[in-house]
Structure formats: structure tokens, C-alpha cells
Amino acid sequence: GDRHRKKRLNKLGIKILCIHGNHEMRPETVESYNEETWNGGTVYTEAEYPNLLFAKDGEVYDLEGTKAIAIGGAYSVDKWYRLQCDQNWFPDEQPSDEIKARVEQKLTDLDWTIDTVLTHTCPFRYIPREAFLNCVDQSTVDNSTELWLDTIAERLVYKAWFCGHWHIDKRID
């Protein structure tokens, strides 16, 4: 399925910048990926799919004059189900302390000001509780990534923050 989706997306003929989420390997751990510089930041690419770019956490990209930082990762609320059913689950799906430090250092270098933030999940304060699955006991969910992103949102001066983990169309602020 992964190769089929990559092939279809690559055929669109446009560059697609992908932000690491849950349910997938971190791009820096995929053996077939190569590191490249694109629009001022490091991305991971695969020779077979040159239009698909996988962002490196903490990198800043120039997107037509807009500076955007990428921060991937999130917790899989279906972790135990996936493990029980022998489906993929990756222990490094959430940002490590090293990744968090790299992101925070980059933001410090930028004086905590950026145009756009691209994350997989959102800061804790913006979690769309209306999108929670009734079958998931929320007390078992690891919100450490969202709580960390909350500390970033408190300090950071930004114009827009985009995330897609929740698969809903919602606008805040």
C-alpha cells in the first residue's frame, strides 16, 4: 500500500512536503531515503519518488518567501490494538528529547519568531476534543507531544500553524 500511494502522489508532478506523523517510520530511519537540501532545509527523498519530500524535524524551509518550521510526530491512540493485530507501530513515533532540543535550538536561533509552523499534531490547547473516538479511554493517551507543542506555542510568535493529525476541518484564532 505504501509504494502504491507514493507512486500515485509522485505522478502528480508537484513537490509534496510530508510531515512525519504516527503510524510511520521516522524518515531518518528509512534505509532507502537520502538526505538532501531543499528550500533551505534538509529533507529526505527516495530516488523512485523524487516529488515526495519528507521533512526533517526542526528544519526551516523557505516556501515562496514564507519561513516554515517542520515538527513531526504524534501518539497512536490505537497502539495496543495495532500491536495485538500484528500491525505496524513505531516506538519513535513521537519526538525524542534530542529532536525536541533541536527544534527548540532552531527556534532560539530564530528569536522565537517564524511565519508558519507545520506539525502533525497540534498544541494541547487546540486538541479538538469533539474528534475524540468514543472507544478510546483518554486517560490512556500519551499527550506529551501536544503538551510540549503547547510550551512552544506559548513562546513562539507565528502567523499560521497547520496540522493534520485530527483529520478534521477546523480553524482556531
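For the structure itself, consult the block above.
Residues numbered from 1 in each chain as written. Predicted model: local features only at pLDDT ≥ 70, side-chain atom pairs only at ≥ 80, totals over all residues. Heavy atoms only, no water.

Visitor: Would you mind going over the pattern of salt bridges with me for this structure?
Guide: Working definition: two side chains of opposite charge can pair if their charged atoms are close together. Scanning all chains against the criterion turns up 10 salt bridges. Glu48 is the salt-bridge partner of Arg3, the closest N and O atoms lying 3.7 Å from each other. Within this pair, whereas Arg3 is found in helix 1 (residues 2–10), its partner Glu48 is found in the loop between strand 3 (41–46) and strand 4 (49–55), the two being separated by 45 residues in sequence. Judged by its relative accessible area of 45%, Arg3 is partly exposed. Here Arg125 makes a salt bridge to Asp150, at a shortest N to O gap of 2.7 Å. Of this pair, Arg125 sits in the loop between strand 7 (116–119) and helix 4 (144–155) while Asp150 sits in helix 4, placing them 25 residues apart in sequence. Look at Asp150 and you get buried, because its relative accessible area is 12%. A cluster of three or more residues bridged by salt bridges with shared partners is formed by Asp2, Arg3, Lys6, Glu46 and Glu48. (Salt bridge = Lys/Arg side-chain N within 4 Å of Asp/Glu carboxyl O. Helix = DSSP H or I, 4+ residues; strand = E, 2+ residues; numbered from the N terminus. Buried < 20%, exposed > 50% of the residue type's maximum accessible area, 1.4 Å probe, protein only.)

Visitor: Before we go on, may I ask you to explain the side chain of Lys100 in this structure?
Guide: Structurally, Lys100 is set in helix 3 (residues 97–109). One buried charge, Lys100, has no salt-bridge partner; the nearest side chain with opposite charge is Asp97, at 4.6 Å. Sequence-distant contacts of Lys100, defined by excluding residues within four places in its chain, comprise Pro95, Ser144 and Trp148. (Lys, Arg positive; Asp, Glu negative; His and termini not counted. Contact = heavy atoms within 4.5 Å.)

Visitor: Sorry, what's going on with the sheet that holds strand 3 here?
Guide: Sheet strands associate in pairs through backbone hydrogen bonding, adopting either a parallel or an antiparallel arrangement. Pairing is mixed across the open sheet formed by four strands, whose spatial order is 1-4-3-2. If you trace the sheet from one side to the other, it starts and ends with strand 1 (16–18) and strand 2 (34–38), each paired once. Across this sheet, the average inter-strand angle for adjacent strands is 40 degrees, counted without regard to direction. Relative to strand 4, strand 1 runs parallel, the two sharing three bridges. Note on strand 4: the bridge partner recorded for Leu17 is Leu53. Running at roughly 110 degrees to strand 4, helix 1 makes contact with strand 1, strand 3 and strand 4 of the sheet. (Pairing = 2+ DSSP bridges. Axes fitted to C-alpha atoms, helices over the stretch in contact; angles between N-to-C directions.)

Visitor: Hey, could you run me through the sheet that holds strand 8 (residues 160–163) in this one?
Guide: Sheet architecture is open: four strands sit in the order 5-6-7-8, paired in mixed fashion. Both outer strands of the open sheet, strand 5 (60–63) and strand 8, are each paired with one neighbouring strand and no more. For this sheet, the mean inter-axis angle between neighbouring strands, taken without regard to orientation, is 25 degrees. Bridge count between strand 5 and strand 6 (residues 66–71): four bridges; the pairing is antiparallel. Bridge pairing in strand 6 links Asp62 to Lys67.

Visitor: Is there a simple way to think about helix 4 in this case?
Guide: Within an α-helix, residues lying three or four positions from one another point in the same direction, as the helix has 3.6 residues per turn. Relative to the 16 Å expected for 12 residues at 1.5 Å per residue, helix 4 spans 17 Å between its end C-alpha atoms, a close match to the ideal helical length. Contacts from the buried residues of helix 4 go to strand 6, helix 3, strand 7 and strand 8. (Expected span 1.5 Å × (residues − 1).)

Visitor: Could you clarify how one ought to interpret the packing of aromatic side chains in this entry?
Guide: The description of an aromatic ring pair rests on the distance of the ring centres and on the angle between the ring planes. Under the counting rule described, the total for this entry stands at three aromatic pairs. Taking 5.8 Å as the distance between ring centres and 50 degrees as the angle between the ring planes, the aromatic pair formed by Trp38 and Tyr61 counts as tilted. With a gap of 23 residues between them, Trp38 in strand 2 and Tyr61 in strand 5 connect regions that are remote in the sequence. Above the face of the Tyr126 ring, Arg125 is positioned so that its terminal group lies 6.0 Å from the ring centre. Over the ring of Trp112 we find Arg155, and its NZ or CZ is 3.9 Å from the ring centre. (Phe/Tyr/Trp six-rings, centres within 6.5 Å; stacked < 30°, edge-to-face > 60°. Lys NZ or Arg CZ within 6 Å of the ring centre and 35° of its normal.)

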